[in-house]
Amino acid sequence: MRTLTDRFGRVHNYLRISVTDRCNLRCIYCMPEEGVQFTDASNLLSYDHIVELVESAASMGITKLRITGGEPLVRPGLDGLIRRLSRIPGISDIALTTNGLLLAQQAEALRDAGLNRVNISLDTLDSTRFKFIARRGELKRVMEGIEAAGRVGFDPIKLNCVLLRGVNEDEIGAFLRMAYEQPLHVRFIEYMPIGHADENWKKQYLPLSRVLEIADEQSLAYGVRDDVLGNGPSQDYEMIGGKGSFGLIHPVSDEFCKRCNRLRLTADGYLKPCLYWVDELNVRPALGSAEAMEALFRKAMDIKPENHEMGAKLFDNAQSHMPTDRRMSQIGG
């Protein structure tokens with residue numbers, strides 16, 4: 001079988017697909033309060049084009065998909081797209097990253113369409129703080145989305161918590177207790193300098209070693225776990241005696257590039273070999289030609305760098321490439 005292998009021997013079997021850059025939140029770490037210039041609906045890749053691209057990608061060894069945004073659930077008819085993607089030979093796993101606000105209404109339809117797993121963004125368990133971090137929306141609706149995800153049978157259910165120094169680090173203990181008491185996988189994520197490596201980012205960056213320190217302070221027993229489905233770059237731990245688990249995703253302090261297996265497709269139709277760097281390839285000229293699409297994916301392998309070097313932004317080191325100026329919501333979270 002053909003595979004997508006880059007210059008450094010990394011085999012790629014995972015494609016993250018952003019279906020929109022629009023979002024119903026304005027999280028402080030993701031976009032400015034006033035938002036960003038959103039892509040006009042007419043310039044988004046159509047579902048037909050996404051299906052065509054995934055059919056080509058599957059023939060080259062892509063087996064795992066993740067649907068992202070913006071907030072993917074704001075784009076109409078997403079369950080129809082997932083149903084079509086789930087029928088493509090070679091695609092064995094489809095996951096979704098969502099902020100959860102619309103999940104309670106759509107969970108059953110998504111599950112019936114063939115969605116396997118969900119990751120739900122949850123940066124605080126306090127409703128007042130939720131308003132500060134997300135700038136809109138209600139924590140209650142996210143919790144209802146988590147409940148609905150469990151009710152319809154999504155497994156595992158992962159909660160993504162971006163840690164920000166001085167904002168939500170005092171809730172690490174509460175999240176750990178949540179992972180102990182409920183069958184959830186809580187993943188703590190370092191704040192990344194995507195499109196805004198400014199001084200404020202440096203002030204709010206928090207290394208994830210703090211999570212293990214707090215677990216020890218609270219006398220929580222944990223052990224290394226390596227069987228979480230779709231764990232990717234996460235360093236995972238089981239809560240001994242508990243129902244759930246937790247993970248650490250630390251792209252800044254501990255680069256995981258050497259085992260990177262992913263590509264990203266933006267909502268406006270660009271293939272990005274690396275989240276952090278500016279390099280991206282327009283897929284539209286290749287649509288309609290399986291040969292051209294394969295050549296595009298092979299080129300992505302050729303230009304993919306060895307490392308993202310995000311930590312250089314924290315420690316003022318020189319970088320070998322030009323960082324992207326797109327915000328996370330414009331690339332696909």
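Residues numbered from 1 in each chain as written. Predicted model: local features only at pLDDT ≥ 70, side-chain atom pairs only at ≥ 80, totals over all residues. Heavy atoms only, no water.

1. Let's talk about the overall build of the chain
Here is step 1: Within the chain one finds eleven helices and 14 strands.
Here is step 2: The buried share of the chain, taken over its 333 residues, is 56%.
Here is step 3: Carbon together with sulfur atoms contributes 48% to the accessible area of the chain, which is approximately 13900 Å² in total. (Helix = DSSP H or I, 4+ residues; strand = E, 2+ residues; numbered from the N terminus. Buried < 20%, exposed > 50% of the residue type's maximum accessible area, 1.4 Å probe, protein only. Areas by Shrake-Rupley, 256 points an atom, 1.4 Å probe, with all protein chains shown as cover.)

2. Considering the sheet that holds strand β13 (residues 270-272)
Here is step 1: Pairing within the open sheet is mixed, and its twelve strands lie in the order β9-β10-β11-β8-β7-β6-β5-β4-β3-β12-β13-β14. Of all strands in the sheet, those with a lone pairing partner are β9 (222-225) and β14 (281-282), marking the two edges.
Here is step 2: In terms of strand pairing, strand β6 (residues 117-121) meets strand β7 (residues 157-163) through four bridges, oriented parallel. The partner of Val-118 across the bridge, within β7, is Ile-157.
Here is step 3: Along the sheet, helix α1 (residues 47-59) makes contact with β3 (14-18), β4 (64-68) and β12 (262-265), crossing β3 at roughly 170°.
Here is step 4: Lying over the sheet, helix α8 (residues 209-217) contacts β7, β8 (185-190), β9, β10 (235-239) and β11 (245-249), oriented at roughly 150° with respect to β11. (Pairing = 2+ DSSP bridges. Contact = heavy atoms within 4.5 Å. Axes fitted to C-alpha atoms, helices over the stretch in contact; angles between N-to-C directions.)

3. A short note on the nonpolar core
Within soluble globular proteins, side chains that are nonpolar tend to cluster in buried spots.
Here is step 1: Grouped together as the largest cluster of nonpolar side chains are 93 residues, with contacts concentrated most on Leu-15, Leu-78, Leu-85 and Phe-188.
Here is step 2: In terms of residues, this core owes the most to one element, α1, which gives seven residues. (Core = buried A, V, L, I, M, F, W, Y, C linked by side-chain atoms within 4.5 Å.)

4. A look at the packing of helix α3 (residues 103-113) against helix α5 (residues 139-152)
Here is step 1: α5 packs onto α3 with a crossing angle of 20° between their chain directions and a minimal axis gap of 8 Å. Between α3 and α5, the crossing angle belongs to the class labelled roughly parallel. Relative to α5, the crossing made by α3 is right-handed. In this structure, α3 contributes Leu-103, Ala-104, Gln-105, Ala-107, Glu-108 and Arg-111 to the contact, and α5 contributes Arg-141, Glu-144, Gly-145, Ala-148, Ala-149 and Val-152. (Parallel < 35°, antiparallel > 145°, perpendicular 65-115°, else oblique. Left-handed = near helix turned anticlockwise from the far one by under 90°.)

5. Observations concerning α1
Here is step 1: With 13 residues, α1 should reach 18 Å at 1.5 Å per residue; the first-to-last C-alpha distance of 19 Å fits that figure.
Here is step 2: Taken together, the buried positions of α1 are Tyr-47, Ile-50, Val-51, Leu-53, Val-54, Ser-56, Ala-57 and Ala-58.
Here is step 3: At its buried positions, α1 is contacted by β3, β4, α2 (78-86), β12 and α9 (290-303).
Here is step 4: Backbone geometry just after α1 places Gly-61 at a positive phi near 110°. (Expected span 1.5 Å × (residues − 1).)

6. Points about unusual backbone geometry
Here is step 1: Gly-70 follows Gly-69 through a cis peptide bond whose omega is 20°.
Here is step 2: Considering the arrangement of structural elements, one finds Gly-70 in the loop between β4 and α2.
Here is step 3: Cis peptide bonds are those with omega within 30 degrees of zero, and the linkage from Asp-155 to Pro-156 qualifies with 0°.
Here is step 4: Structurally, the position occupied by Pro-156 is in the loop between α5 and β7.

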